[in-house]
Amino acid sequence: MLEEEYQKGHRPVGAQRNLPPLQVPFAYEIRDVAEADLPDIREIYNHYVANSTVTFDESPMTLRQLRAKFAQAQKSHLPFIVAVSPGGHVLGYAYVFPWKAKAAYRFTVENSIYLGPAATGKGLGKALMAELIERSRKAGLKEIVAVIADRGAEASIRLHEQFGFREIGHMGRVGFKFDRWLGTVLMQKSLK
């Protein structure tokens with residue numbers, strides 16, 4: 001074969017093809033939390049403790065504290081769900097917890113949703129919220145309250161609004177983190 005014939009059928013060495021980047025679908029499964037998920041959940045939560053004002057906690061959560069919360073949610077038959085990748089890695093989680101300890105509040109809960117940093121902006125928060133609301137309804141709960149930081153949590157406020165939560169109040173300067181005062185936005189959704 002002549003060199004010219006060879007060159008006609010082949011691209012030069014080192015030449016790049018204009019291929020689109022490989023798109024890997026974002027896949028996950030939503031299921032009940034298992035005790036084996038707790039270390040990953042703690043890692044996600046502690047990321048927000050250290051790097052944001054979406055939680056007013058200033059000290060990392062210990063595995064012992066998280067196990068106690070998990071046990072209380074199980075004992076109370078409250079939804080505590082997790083989104084996991086096909087490989088079993090926790091991408092995010094959501095749960096409801098009693099709003100107040102008094103018996104009269106037994107049908108009212110506060111919700112929490114946290115996503116791993118690599119799972120944000122992909123619709124996972126919406127999927128977890130939809131599932132959490134449905135499971136809360138099935139559990140016989142009547143009201144869900146959200147307490148959201150008034151700065152740095154705009155995405156959370158928008159997510160709650162998309163699911164019919166309405167703002168019911170605002171408390172200013174009730175938290176102090178990262179050398180600044182923070183308030184909270186209170187939102188509520190009735191489960192009919």
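Structure report, in brief.

Criteria and cut-off values
- Residues numbered from 1 in each chain as written.
- Predicted model: local features only at pLDDT ≥ 70, side-chain atom pairs only at ≥ 80, totals over all residues.
- Heavy atoms only, no water.
- Helix = DSSP H or I, 4+ residues; strand = E, 2+ residues; numbered from the N terminus.
- Rg over C-alpha atoms; globule rule 2.2 N^0.38 Å.
- Buried < 20%, exposed > 50% of the residue type's maximum accessible area, 1.4 Å probe, protein only.
- Contact = heavy atoms within 4.5 Å.
- Areas by Shrake-Rupley, 256 points an atom, 1.4 Å probe, with all protein chains shown as cover.
- Lys, Arg positive; Asp, Glu negative; His and termini not counted.
- Charge placed at Lys NZ, Arg CZ, Asp CG, Glu CD.
- Core = buried A, V, L, I, M, F, W, Y, C linked by side-chain atoms within 4.5 Å.
- Pairing = 2+ DSSP bridges.
- Axes fitted to C-alpha atoms, helices over the stretch in contact; angles between N-to-C directions.
- Phe/Tyr/Trp six-rings, centres within 6.5 Å; stacked < 30°, edge-to-face > 60°.
- Lys NZ or Arg CZ within 6 Å of the ring centre and 35° of its normal.
- Salt bridge = Lys/Arg side-chain N within 4 Å of Asp/Glu carboxyl O.

## Regarding the overall build of the chain
Helices and strands together make up the secondary structure of the chain, namely five helices and seven strands. The order of helices and strands in the chain, counted from the N terminus, is α-β-α-α-β-β-β-α-β-α-β-β. What you see for the chain is a C-alpha radius of gyration of 23 Å, clearly larger than the 16 Å of a compact globule of 192 residues, by over 25%. If one aligns the C-alpha atoms of the chain with their principal axes, the spans along those axes are about 90 × 40 × 35 Å. Counting every position in the chain, which comprises 192 residues, the buried fraction comes to 38%. Residue pairs in contact within the chain that sit at least 24 positions apart in sequence constitute 65% of those at least 6 positions apart. Summed over all atoms, the accessible surface of the chain reaches about 12,000 Å², with 52% contributed by carbon and sulfur. Of the charged side chains in the chain, 26 are positive and 20 negative, and the gap between their average positions amounts to 8 Å.

## Side note on the nonpolar core
With 46 residues, the main nonpolar core has Ile-41, Phe-80, Tyr-93, Ile-113 and Leu-128 as its most contacted residues. Here this core takes seven residues from strand β3 (residues 90-98), the largest share from any one element. Once you skip the residues sitting within four places of it in the chain, Phe-80 turns out to touch Arg-31, Asp-32, Val-33, Ile-41, Phe-70, Ala-73, Tyr-93, Ala-94 and Tyr-95.

## Observations concerning the sheet that holds β3
On the basis of which strands lie adjacent, the open sheet formed by seven strands has the order β1-β2-β3-β4-β5-β7-β6 and mixed pairing. The open sheet terminates on both sides in strands that have one partner only, identified here as β1 (29-32) and β6 (166-177). Direction aside, neighbouring strands of the sheet carry axes that sit 25 degrees apart on average. Pairing geometry for strand β4 (residues 108-115) and strand β5 (residues 143-149), over three bridges, is parallel. In the sheet register, Glu-110 faces β5, and the bridge partner there is Val-145.

## Some words on the packing of aromatic side chains
Counting across every chain of the model gives 10 aromatic pairs. Ring pairing ties together the aromatic residues Tyr-45, Tyr-48, Phe-70, Phe-80, Tyr-93, Tyr-95, Phe-97 and Tyr-114, which thus form one cluster. Between the NZ or CZ atom of Lys-69 and the centre of the ring of Phe-97, over which it lies, the distance is 4.8 Å. Positioned above the aromatic ring of Trp-99 is the side chain of Lys-100, whose terminal nitrogen or guanidinium carbon lies 5.0 Å from the ring centre.

## Observations regarding the environment of Gly-152
Looking at the secondary structure, you find Gly-152 in the loop between β5 and α5 (154-162). In the structure, Gly-152 is positioned 100 residues away from Ser-52 in sequence and 7.3 Å away in space, judged by C-alpha atoms. When neighbours within four sequence positions are excluded, Gly-152 is seen to be in contact with Thr-53 and Val-54.

## Side note on the pattern of salt bridges
Taken as a whole and assessed by the stated rule, the structure comprises five salt bridges. The shortest N-O distance in the salt bridge between Asp-32 and Arg-135 comes to 2.3 Å. With a gap of 103 residues between them, Asp-32 in strand β1 and Arg-135 in helix α4 (residues 124-138) connect regions that are remote in the sequence. Using a relative accessible area of 22% as the deciding quantity, one classes Arg-135 as partly exposed. For Glu-35, the salt bridge is made with Arg-67, and the minimal N-O distance between the two is 3.2 Å. With Glu-35 in the loop between β1 and α2 (38-51) and Arg-67 in helix α3 (residues 63-75), this residue pair connects regions lying 32 residues apart in the sequence. What you see here is one network of salt bridges that share partners, running through Asp-32, Glu-131 and Arg-135.

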